[in-house]
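Breakdown of the fold
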Amino acid sequence: MADTKLTIVDAETTAACLPYRALIDVLRGGFKTGCVAPVRHHHKIQKNHEPDATLLLMPAWSNSEDHDQFLGIKLVTVVPGNTARGLPGLTSTYVLYDAATGQQLALMDGNVITARRTVATSALAAQILARDDAQSLLVIGTGRVASQLPDAYRAIRPIQKVMVWDIDPAAAGRLAHSLNERGFASQVAMDLDQAAATADIISAATLSTIPLIKGAWIRKGTHVDLIGGFTPTMREADDATLLFASAFVDTLEALHEAGDIVQPLQSGLISETHILGTLTDLVKGQVIGRTSSDEITYFKSVGSALADLVTAQMVYQRIT
């Protein structure tokens, strides 16, 4: 890493460097190796006449014994009010440095980094937790992350049918049409309860503050993947979904940040022991994932600076 010239990597190039199957494999290695990832900075930005926005700062750097020494920080803004403006709710930038010298190496499209590492992390977890024969996927949400979930899941499971539900049926229709063009058999889920009851995998990527998924709908053997709900006030699934599932998280930060975990902990419905392990525990084989075809599995992610760093490093190594 002698050349410290700053490289600006646009969204198209960033995406091209991150094919899903390869990224899933790289993330598996990253979660095994680990890195130094301080607690993220989480700041509320007060807004008038719309929901408050959030500023996230997510730093991480390589372990001191690692051969390659990288340091990165992702800057993220989350503005729920952008939905009414017809704009994405999340915008981010990633800056990668040479950790040995502190000199900047690359400025990358953080939106692509975030979306790709998010869906690949969910797919990595599902590689361990979802049934091998899972073929039907219910996607809840239609944003940037939700739209990429089928492609990531198809990299690790034989996904054939994709149902799409969104609070805006027109948006669900647009995503379903796009998925059909990409080779999926996709349709709009008009009734969320019926779609959830027939899906092998349910994946939600929303900014909801009320539970969308009800545990009473979920059949045996289903894998539930919750991607949104990154603050204590957000929820994507009800208490019953968590209570009757074998539950795992991407990192232990979920116990303090994710409403789907924080609220049941605060109410006393569950204790921390209900969470069986992290993604690192799973990839290292320190905890057992799915144990039977009838088991309901549950994965809650809040995103990790480790996944960002691993993903950005993959981009940089492919362009240099």
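Read on for a plain summary of the structure.

What counts, and where the lines are drawn
- Residues numbered from 1 in each chain as written.
- Predicted model: local features only at pLDDT ≥ 70, side-chain atom pairs only at ≥ 80, totals over all residues.
- Heavy atoms only, no water.
- Pairing = 2+ DSSP bridges.
- Helix = DSSP H or I, 4+ residues; strand = E, 2+ residues; numbered from the N terminus.
- Axes fitted to C-alpha atoms, helices over the stretch in contact; angles between N-to-C directions.
- Contact = heavy atoms within 4.5 Å.
- Buried < 20%, exposed > 50% of the residue type's maximum accessible area, 1.4 Å probe, protein only.
- Phe/Tyr/Trp six-rings, centres within 6.5 Å; stacked < 30°, edge-to-face > 60°.
- Lys NZ or Arg CZ within 6 Å of the ring centre and 35° of its normal.
- Parallel < 35°, antiparallel > 145°, perpendicular 65-115°, else oblique.
- Left-handed = near helix turned anticlockwise from the far one by under 90°.
- Salt bridge = Lys/Arg side-chain N within 4 Å of Asp/Glu carboxyl O.
- Patch = residues over 30% accessible without salt bridge, like charges linked within 9 Å, V, L, I, M, F, W, Y side chains within 5 Å.
- Areas by Shrake-Rupley, 256 points an atom, 1.4 Å probe, with all protein chains shown as cover.

Strand order in the open sheet made by the eight strands is β9-β8-β7-β10-β11-β14-β12-β13, with parallel pairing throughout. Every interior strand has two partners, whereas the edge strands, β9 (185-188) and β13 (275-278), have only one. For this sheet, the mean inter-axis angle between neighbouring strands, taken without regard to orientation, is 20°. Pairing of strand β10 (residues 201-204) with strand β11 (residues 223-226), which is carried by four bridges, proceeds in the parallel orientation. Bridge pairing in β11 places Ile202 opposite Val224. Set on the sheet, helix α4 (residues 110-129) makes contact with β11, β12 (246-249) and β14 (297-300); between it and β14 the angle comes to about 160°. With respect to the sheet, helix α5 (residues 144-154) is in contact with β7 (136-140), β8 (161-165), β10 and β11, its orientation differing from that of β7 by roughly 160°.

Burial along β11 is two-sided: the face carrying His223 and Asp225 and the face carrying Val224 and Leu226 are both buried. Across four bridges, β11 lies against β14 in parallel orientation. The residue of β14 that forms the bridge with Val224 is Tyr298.

Within the structure shown, the criterion is met by one aromatic pair. For the ring pair Phe70 and Tyr316, a centre distance of 6.0 Å and an interplane angle of 75° mean the geometry is edge-to-face. With a gap of 246 residues between them, Phe70 in strand β4 (residues 70-78) and Tyr316 in helix α12 (residues 305-319) connect regions that are remote in the sequence. You can call Tyr316 buried: its relative accessible area is 7%. Taking the ring centre of Phe184 as reference, the NZ or CZ of Arg154 above it sits at 3.8 Å.

Okay, the packing of α4 against α12 next. How two helices sit against one another is set out by the angle between their axes and by the gap between those axes. Their axes nearest at 9 Å, the elements α4 and α12 cross at an angle of 115°. If you check the angle between α4 and α12, you find them roughly perpendicular. The element α4 and its partner α12 pack so that their crossing is right-handed. Along the contact surface, α4 presents Ile113, Arg117 and Thr121, while α12 presents Ala307, Asp308, Thr311, Ala312 and Val315.

Buried residues of helix α10 (residues 259-267): Gly259, Asp260, Ile261, Val262, Pro264 and Leu265, and no others. Gly268 sits one or two residues past α10 and shows a positive phi near 85°.

Our next topic: the pattern of salt bridges. Within this structure, the stated rule accounts for 15 salt bridges. Asp25 serves as the salt-bridge partner of Arg21, at 3.5 Å between the closest nitrogen and oxygen. On the criterion of helical spacing, the pair formed by Arg21 and Asp25 is a turn pair, its members being four residues apart in helix α2 (residues 20-33). Looking at Arg21, the relative accessible area reads 42%, which means it is partly exposed. Linked through salt bridges whose partners overlap, the residues forming this network are Arg131, Asp133, Asp200 and Arg219.

What follows concerns a nonpolar patch on the surface. Side chains of Leu243, Phe244 and Leu269 sit close together on the surface and give an oily, nonpolar patch of about 280 Å² of accessible area. Tracing the chain through its elements places Leu269 in the loop between α10 and β13. Leu269 sits in the partly exposed class, given a relative accessible area of 34%.

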